[in-house]
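# Breakdown of the fold
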Amino acid sequence: MEELSKLTKKRLKHLLKDDTYLSDIPPDITSGECKNLIALAYGQSISLLLDRGPTNPKMKIIVPAGEKTTVEHVKKAIRTQFTLNHSRTGDAGRKIIRWKYIWKTYWLKFEGSPLDDDRKTLEDLGIGHGSELKFMKRRRIKNSDKKKK
């Protein structure tokens, strides 16, 4: 049974690699990723690019399209994609990403503006298919600045 599984995975990998339309699909695709790609093909999801700096390639993030898609949905999709990428590259056990720390330290940025409200919709922010997001270090507000407000 294990031999058949290995043979099937090897053949699937070969088929995906050689096909023009399917070459960007990983051979160990999850059902969630498959559903996202189908939704993207039918226009029910949008694809965003996450620029992680000059030393890292841009990451493709797929989120549901619609009036109610928020920044929080994007953050969840980023977390899922990072987890999948780490498990595929073998980094999963080596590096634990503390997402609570990440979101406390960084904002997502779109066209120079921080996405500082998780409840705002992508439509309200002007984010659409193919938009590029970046990480932006949060600025700390000093106690003296808080008292002035």
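Reference entry: report on the structure contained in this document. Starting afresh in each chain, residues are numbered from 1 along the sequence in its written order. In keeping with the predicted nature of the model, local features appear solely for residues at pLDDT of at least 70, side-chain atom pairs appear and are counted solely at 80 or more, and the whole-chain, interface and lining totals rest on all residues. Based on all heavy atoms of the structure, the side-chain values leave hydrogens and waters out of the count.

A few words on the packing of aromatic side chains. Each Phe, Tyr or Trp ring, with Trp reduced to its six-membered ring, pairs with another whose centre is within 6.5 Å; inter-plane angles below 30 degrees give stacked pairs, above 60 give edge-to-face pairs, and intermediate values give tilted ones. Scanning the entire structure with this criterion turns up 4 aromatic pairs. The interplanar angle of 70° and the centroid separation of 5.4 Å between the aromatic rings of Phe82 and Trp99 together place this pair among those described as edge-to-face. Here Phe82, found in helix 3 (residues 71-89), pairs with Trp99, found in helix 4 (residues 99-105); they are 17 residues apart in sequence, far enough to count as distant. Taken individually, Phe82 and Trp99 each receive the classification buried, so the pair is uniform in this respect. Taken together, the ring pairs in this structure connect Phe82, Trp99, Trp103, Tyr106 and Phe135 into an aromatic cluster. Working definition: helices are DSSP H or I runs of at least four residues, strands are E runs of at least two. Numbering for both runs from the N terminus. Residue exposure (1.4 Å probe, protein chains only): buried if accessible area is under 20% of the type maximum, exposed if over 50%, otherwise partly exposed.

Another point: the sheet that holds strand 1 (residues 45-51). Each pair of strands is called paired provided DSSP finds at least two bridges between the two strands. If you walk across this open sheet you meet the 5 strands as 2-1-5-3-4, and the pairing is mixed. At either end of the open sheet lies a strand with only one pairing partner, and these are strand 2 (59-64) and strand 4 (113-115). When the angles between neighbouring strand axes are averaged without regard to direction, this sheet yields 40°. Bridge count for strand 1 against strand 2 is 6 bridges, and the pairing is antiparallel. Along strand 2, the bridge assignment pairs Leu49 with Lys60. In this description, contact between two residues means that some pair of their heavy atoms is separated by no more than 4.5 Å. Only the stretch in contact is used when a helix axis is fitted, and all axes are lines through C-alpha atoms; the angle between N-to-C directions ranges over 0 to 180 degrees. Where helix 2 (residues 31-41) meets the sheet, it contacts strand 1 and strand 2, and its direction lies at approximately 110° from that of strand 1. In the packing of helix 3 onto the sheet, contacts are made with strand 1, strand 2, strand 3 (106-110), strand 4 and strand 5 (132-137), and the angle to strand 2 comes to roughly 135°.

Moving on, we get to the pairing of strand 1. Where burial is concerned, most of strand 1 is hidden: 6 out of the 7 residues are buried. In terms of strand pairing, strand 1 meets strand 5 through 3 bridges, oriented parallel. Residue pairing in the sheet places Asp51 in a bridge with Lys134 of strand 5.

This paragraph deals with the side chain of Thr105. Among the secondary structure elements, Thr105 is positioned in helix 4. Contacts of Thr105, omitting those with residues within four sequence positions, involve Met136, Lys137 and Arg138.

Grid spacing is 1 Å over the protein atoms alone, the probe is 1.4 Å, and a cavity is where that probe fits but cannot get out, while a pocket is an open set with protein on both sides within 12 Å along at least five of seven lines and lining residues have an atom within 4 Å of a point. Grid points are joined across faces, edges and corners, and a volume is the space filled by probe spheres set on the points. By volume, the largest pocket is sized at about 650 Å³. For the lining of the largest pocket, the secondary structure elements donating two or more residues are helix 2, strand 2 and helix 3. Looking at the lining of the largest pocket, the element that brings in the most residues is helix 3, giving 7 residues. Each residue gets one label: Ala, Val, Leu, Ile, Met, Phe, Trp, Tyr, Cys and Pro are nonpolar, Asp, Glu, Lys and Arg are charged, and the others, such as Gly, are polar. Residues of the lining of the largest pocket, tallied by class, amount to 14 nonpolar, 8 polar and 4 charged. Roughly 250 Å³ of internal volume is contained in the second largest pocket. What lines the second largest pocket is simply Arg52, Asn56, Phe82, His86, Lys95, Ile97, Trp99, Ile102, Tyr106 and Phe135.

Attention shifts here to the side chain of Thr121. Examined against the element boundaries, Thr121 turns out to sit in the loop between strand 4 and helix 5 (122-125). Those residues in contact with Thr121 that lie beyond four places of it in its chain are Glu67, Lys68, Thr69 and Thr70.

Following the sequence through the fold, Ile127 ends up in the loop between helix 5 and strand 5. Ile127 sits in the buried class, given a relative accessible area of 7%. The spatial distance from the C-alpha of Ile127 to the C-alpha of Trp103 is 19 Å, given a sequence separation of 24 residues.

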